[in-house]
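Topology and contacts: notes
Okay, here's what each chain looks like letter by letter:
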Amino acid sequence: MGTRRDVAAQATRGEGRDGGGAAAAPIALPRRQKDGGGGGGGEERVLISEVAVRGKDGEPLERPELEAAAAAALRACRPNAALTVREVQEDVHRVVESGLFRSCMPVAVDTRDGIRLVFEVEPNQDFHGLVCEGANMLPSKFLEDAFHDRHGKIINIRHLDQVIKSVNGWYQERGLTGLVSYAEILSGGILRLQVSEAEVNNINIRFLDRRTGEPTVGKTQPETILRHLTTKKGQAYNRAQVKRDVETILTMGIMEDVTIIPQPVGDSNKVDLVMNLVERPSGGFSAGGGISSGITNGPLSGLIGSFAYSHRNVFGRNKKLNLSLERGQIDSIFRLNYTDPWIDGDNKRTSRTIMVQNSRTPGTLIHGGDHPDHGPITIGRVTAGIEYSRPFRPKWSGTLGLIFQHAGARDDKGNPIIRDFYNSQLTASGNAYDDTLLAKLESVYTDSGDRSSTMFVFNIEQGLPILPEWLSFNRVTARLRQGYEIGPARLLLSASGGHVEGNFSPHEAFAIGGTNSVRGYEEGAVGSGRSYAVGSGEVSCRMFGPLEGVVFGDYGSDLSSGPKVPGDPAGARGKPGSGYGYGVGIRVDSPLGPLRLEYAFNDKQARRFHFGVGYRN
């Protein structure tokens, strides 16, 4: 296949687009002299008395500016100069390389005054239009802008060169495989560009054994993989897009390794994409541990052990099944989750999660400060629900759900109770348990996964009183986090707040204070309210290796809403309702997330250590 250089090369050889013309012939003249200098290498020189530029028929050019352009390109050929054939031919090339002429022929004429050297040139045609073929991805405006001021002017091959380079650069910058494969000037001053774009002919999936690397039979359905690809059959081959597709397949969590290899299809401009996949083990059992923020006393304070079974690729459709059991000093949670990350037949990438959970958690966040003669209170919940989530803008996602909850308080022997030691009620209904059907709507904005980015979460929950005894309330919460890079340090500002209106269980009040709220206080020790607001600022700096140092300050308030909680559990326990804390800490990166050890003072000058796993909410 030719390129723009085909045009220049043919013109240099003196070949017109109509097939006429010939290469510059050797100049045979009677008067010659040997070159005695060192530059000619013994070539015969001819003394030229006059140099002129004319049209192909020997007549003066119609446009004086073209004659001036050709004369300006001549370097060696001057009147009264002794020239070699090589020097004349070099000037011929210079005339053609000016980009304005399709051919140039030197003609020697013997006159009575000496040898007259005439350069007979044929200018390019005037530009009257452009035909571009094969450019399916290239915007038409790109070429329109490149030639918008060229109509009616002589076609300049140098300008054409620049346009071709810019077209090739456009493809390269976007990771596309495409270039101008041929260019020619047609009759009537029409430019024709042929663009070759690599097109995806087919996408083939091949599973490889994770130990031997040999082809094997995969457990994942091919259509489950193909539906996640933005690269489709018949599209232009885009290297950057293919790279993003590889990352997308890896984020599904079912592949250990993914590579996509392009393979040409014969002599065509098409490529086959071969996707090599190495599957991860589909599922298995695991055990681990954690920390509960609801327990603040005891030698095994807050420690939780867990046991779980998970299957990440149910039916080979990337559906997730998780069955887990957590058990601590007081905590116990049995949870069953079934998630379909992309519902079949949906083109909006909607996911569905079905959840069933039975839990028993400490009630100390709201009903802490137990009397020595009265054991700790626990909150038992049986929960079942379904949620649908999907992205609806590039950085926004939304969740809609319906959740049923059966919850109540128990004493240290596991018996249901409706009032605590301070005679504060423990249920909203006055019964041993409260039943609630919640409609949930959540919207999440994330700028990126970087901790220095912006994150915003807005959540609305509405209790639906389908039955008279079911609770009816509305709860609104919001969280905002914004990070800034300041030289080697990082500033992180965060704020959260919420409000509940209606009849709700006291243990569902907003608890303020603790590791993820106001540090320097025990969990829930600042207040328990219908409303709350918490703000935090911290500056962190990398020290060495995975170790990071942090300076922080927190403030939280129940906005004077503590007495409005049924039974006023905060007032019965003398919680201040607002407070602040400040301190220093260190963080260590780990596979579980950041391990946080913090030492804080509160406004009562009490001091407290805090230990946490993961970032603050």
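Higher on the page you've got the structure.
Throughout what follows, the structure given in this document is the object of discussion. Everything numeric here is computed off the predicted structure, so don't read it as measured data.

As a further point, take the overall build of the chain. Check the secondary structure of the chain and you find nine helices and 31 strands. A total of 617 residues make up the chain; the buried ones form 44% of that total. Expressed as a percentage of contacts within the chain between residues at least 6 apart in sequence, the contacts between residues at least 24 apart total 58%. Entry remark: accessible area of the chain is about 31,000 Å², with carbon and sulfur atoms responsible for 54%.

A few words now on the sheet that holds strand β9 (residues 199-208). Taken together, four strands build an open sheet; the order of strands is β10-β9-β12-β11 and the sheet is mixed. Two strands lie at the open edges of the sheet, namely β10 (215-216) and β11 (255-264), each paired on one side alone. Pairing between β9 and β10: two bridges, direction antiparallel. When the sheet's bridge partners are listed, Phe-207 is paired in β10 with Thr-216.

Turning our eyes to something else, we now look at the side chain of Ser-359. Here Ser-359 shows up in strand β17 (residues 351-362). Using a relative accessible area of 5% as the deciding quantity, one classes Ser-359 as buried. Setting aside residues up to four positions removed in sequence, Ser-359 forms contacts with Ser-332, Ile-333, Ile-379, Gly-380 and Arg-381.

Attention shifts here to the pattern of salt bridges. Following the criterion strictly, the structure yields 34 salt bridges and no others. Between Glu-598 and Arg-596 there is a salt bridge whose closest N-O contact spans 3.4 Å. The two residues Glu-598 and Arg-596 agree in class, both being buried. One continuous salt-bridge network, built from bridges that share partners, spans Arg-519, Glu-538, Asp-554, Arg-587, Arg-596 and Glu-598.

This paragraph deals with helix α5 (residues 157-173). Taking 1.5 Å of rise per residue, 17 residues should cover 24 Å, and α5 covers 24 Å from first to last C-alpha, within 8% of that figure. Looking only at α5, the buried set comprises Ile-157, His-159, Leu-160, Asp-161, Val-163, Ile-164, Val-167, Gly-169, Trp-170 and Tyr-171. With a side-chain oxygen positioned 2.8 Å from the backbone nitrogen of Arg-158, the residue opening α5 is Asn-156. Phi turns positive, to about 75°, at Gly-175, one or two residues after α5.

Before going further, it helps to examine the environment of Gly-234. Position of Gly-234 among the secondary structure elements: in the loop between α6 (222-226) and α7 (239-251). Of the residues examined, Gly-234 reaches a relative accessible area of 43% and is grouped as partly exposed. Ignoring anything within four residues of it in the chain, the contact list for Gly-234 reads Glu-199 and Val-200.

In terms of nonpolar packing, the biggest core is built from 24 residues, with Val-95 and Phe-119 touching the most fellow members. Sorting the residues of this core by element identifies β2 (44-55), α2 (64-73), β3 (81-83), α3 (85-97), β4 (101-111) and β5 (114-123) as the ones contributing at least two each. For Val-95, the residues in contact, after removing those within four places along its chain, are Ala-70, Ala-73, Leu-74, Phe-101, Cys-104 and Val-121. Phe-127, Ala-146, Phe-147 and Leu-160 belong to the second-largest nonpolar core, a separate cluster that totals 21 residues.

A few words now on unusual backbone geometry. Positive phi, normally seen in glycine, also occurs at Asn-80, with a value near 65°. Here Asn-80 shows up in the loop between α2 and β3. Backbone geometry at Leu-559 places phi at a positive 55°, although glycine is not the residue there. For Leu-559, the position within the fold is in the loop between β28 (547-557) and α9 (569-572). In this structure Leu-559 comes out as partly exposed when scored by relative accessible area, which is 49%.

Reading guide: rules and limits
- Residues numbered from 1 in each chain as written.
- Predicted model: local features only at pLDDT ≥ 70, side-chain atom pairs only at ≥ 80, totals over all residues.
- Heavy atoms only, no water.
- Helix = DSSP H or I, 4+ residues; strand = E, 2+ residues; numbered from the N terminus.
- Buried < 20%, exposed > 50% of the residue type's maximum accessible area, 1.4 Å probe, protein only.
- Contact = heavy atoms within 4.5 Å.
- Areas by Shrake-Rupley, 256 points an atom, 1.4 Å probe, with all protein chains shown as cover.
- Pairing = 2+ DSSP bridges.
- Salt bridge = Lys/Arg side-chain N within 4 Å of Asp/Glu carboxyl O.
- Expected span 1.5 Å × (residues − 1).
- Polar contact = N/O pair within 3.5 Å; in protein donor to acceptor, adjacent residues only side chain to side chain.
- Core = buried A, V, L, I, M, F, W, Y, C linked by side-chain atoms within 4.5 Å.

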